[in-house]
Amino acid sequence: MASIRASSASGPWYDSMIISENHPVWYKFTVENTSDVALTSIGVTDPNVNTSGCAYITGYTGSSETSFPITVGPDLIFNVGNYDAFVAKVKADGSALDYCGYIGGSNFDQGNGIAVDGSGYAYVTGVAGSTETTFPVSVGPDLTLSGSAGNCDAFVAKVRTDGTGLDYCGYIGGRDEDRGNAVAVDGSGCAYVTGFTTNDETLGFPVLVGPDVTFNGVVDAFVHVIEQYLTYPADA
């Protein structure tokens, strides 16, 4: 999957350049009468993997469904937190959205990275400050927010091809702060999440196998692999 990072920005209009294997395509993603919208990552389908040419966007928003361009899902209702993460699929010609919806709960939640597999599933990672009582956890990898006293966890979610819901969504983290910054996916549907953690291995961070199972400083990078064969409901 080819991808670019979009600079976070607040305001009603964004110009983005989508880069493919063959040529650049310019389009404008417009959100009117909204508050505090930021695009943080754009994923582009690689013609060698998926020939749709659609762009997939994640970020965060403080705008409710009365002004944000929600359609289809995965969640059509703003969750009354500080911000919700959002995910959107843009038609290949940039003319409209195939889907656009929230991923969030009652606190601050932010999408930071997105990837797309050959079947059109989108994989989103970011930061979740909302607990499992309001965040749309399902299947895993962890169904309970581990952060305490206002600390956040990284999260990863797999969005169905039609955008109607999430096949899985869960936390990655320990007691202190964790953030997911980027995600990639392989041909088998395994998601690879990277970010940073302030947790050592005694504070609940889910270390397993490697490459290093010992915390080394104030902040460490991490990589976490979510296997394709997690048990999840079939697409509706």
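Only a predicted model underlies this, so the values are computations on that prediction, with no experimental measurement involved.

Here is what the cut-offs are and how they apply
- Residues numbered from 1 in each chain as written.
- Predicted model: local features only at pLDDT ≥ 70, side-chain atom pairs only at ≥ 80, totals over all residues.
- Heavy atoms only, no water.
- Buried < 20%, exposed > 50% of the residue type's maximum accessible area, 1.4 Å probe, protein only.
- Core = buried A, V, L, I, M, F, W, Y, C linked by side-chain atoms within 4.5 Å.
- Helix = DSSP H or I, 4+ residues; strand = E, 2+ residues; numbered from the N terminus.
- Contact = heavy atoms within 4.5 Å.
- Polar contact = N/O pair within 3.5 Å; in protein donor to acceptor, adjacent residues only side chain to side chain.
- Pairing = 2+ DSSP bridges.

Chemist: So what about unusual backbone geometry? Which residues, and what values?
Modeler: The omega torsion across glycine 73 and proline 74 is 15 degrees, close enough to zero to call that bond cis. A cis amide bond links glycine 140 to the next residue, proline 141, at an omega of 15 degrees. Even without being a glycine, valine 209 presents a positive backbone phi close to 75 degrees. Residue valine 209 is classed as exposed on the basis of its relative accessible area, which comes to 80%.

Chemist: Give me the nonpolar core: which residues, what numbers.
Modeler: Nonpolar side chains in soluble globular proteins tend to be buried together. One finds Tyr56, Val87, Ile103, Phe135, Phe155 and Val159 to be the most contacted residues of the largest nonpolar core, which totals 19 residues. Where this core is concerned, the elements lending two or more residues are strand S6 (84-90), strand S7 (97-103), strand S8 (109-116), strand S9 (122-128), strand S10 (153-159) and strand S11 (166-172). Beyond its immediate chain neighbours, meaning those up to four positions away, phenylalanine 155 contacts Ala85, Ile103, Gln110, Gly111, Val124, Thr125, Gly126, Val127, Ala128, Phe135, Gly170 and Tyr171. Counting residues in each nonpolar core, the second largest holds 13 residues, with Ala115, Tyr121, Tyr168 and Ile172 among its members.

Chemist: How would you summarise the side chain of threonine 197 if you had to cite specific residues and measurements?
Modeler: Relative to the helices and strands, threonine 197 resides in strand S13 (residues 191-197). Here aspartate 178 takes part through its side chain, which lies 2.4 Å from a polar atom of the side chain of threonine 197. Excluding residues within four positions of it along the chain, threonine 197 makes contact with Glu177, Asp178, Phe205, Phe215, Val218, Val219, Asp220 and Phe222.

Chemist: Any details on the pairing of S7? Residues and values, ideally.
Modeler: Counting buried positions along S7 yields five of seven residues, so the element is predominantly enclosed. Relative to S7, S6 runs antiparallel, the two being bridged by six bridges. What sits directly across from phenylalanine 86, in S7, is tyrosine 102. Linking two consecutive strands that pair antiparallel, namely S6 and S7, is a turn of six residues; a positive phi of about 75 degrees is found at glycine 94 within it.

Any functional reading would require information beyond the geometric quantities listed.
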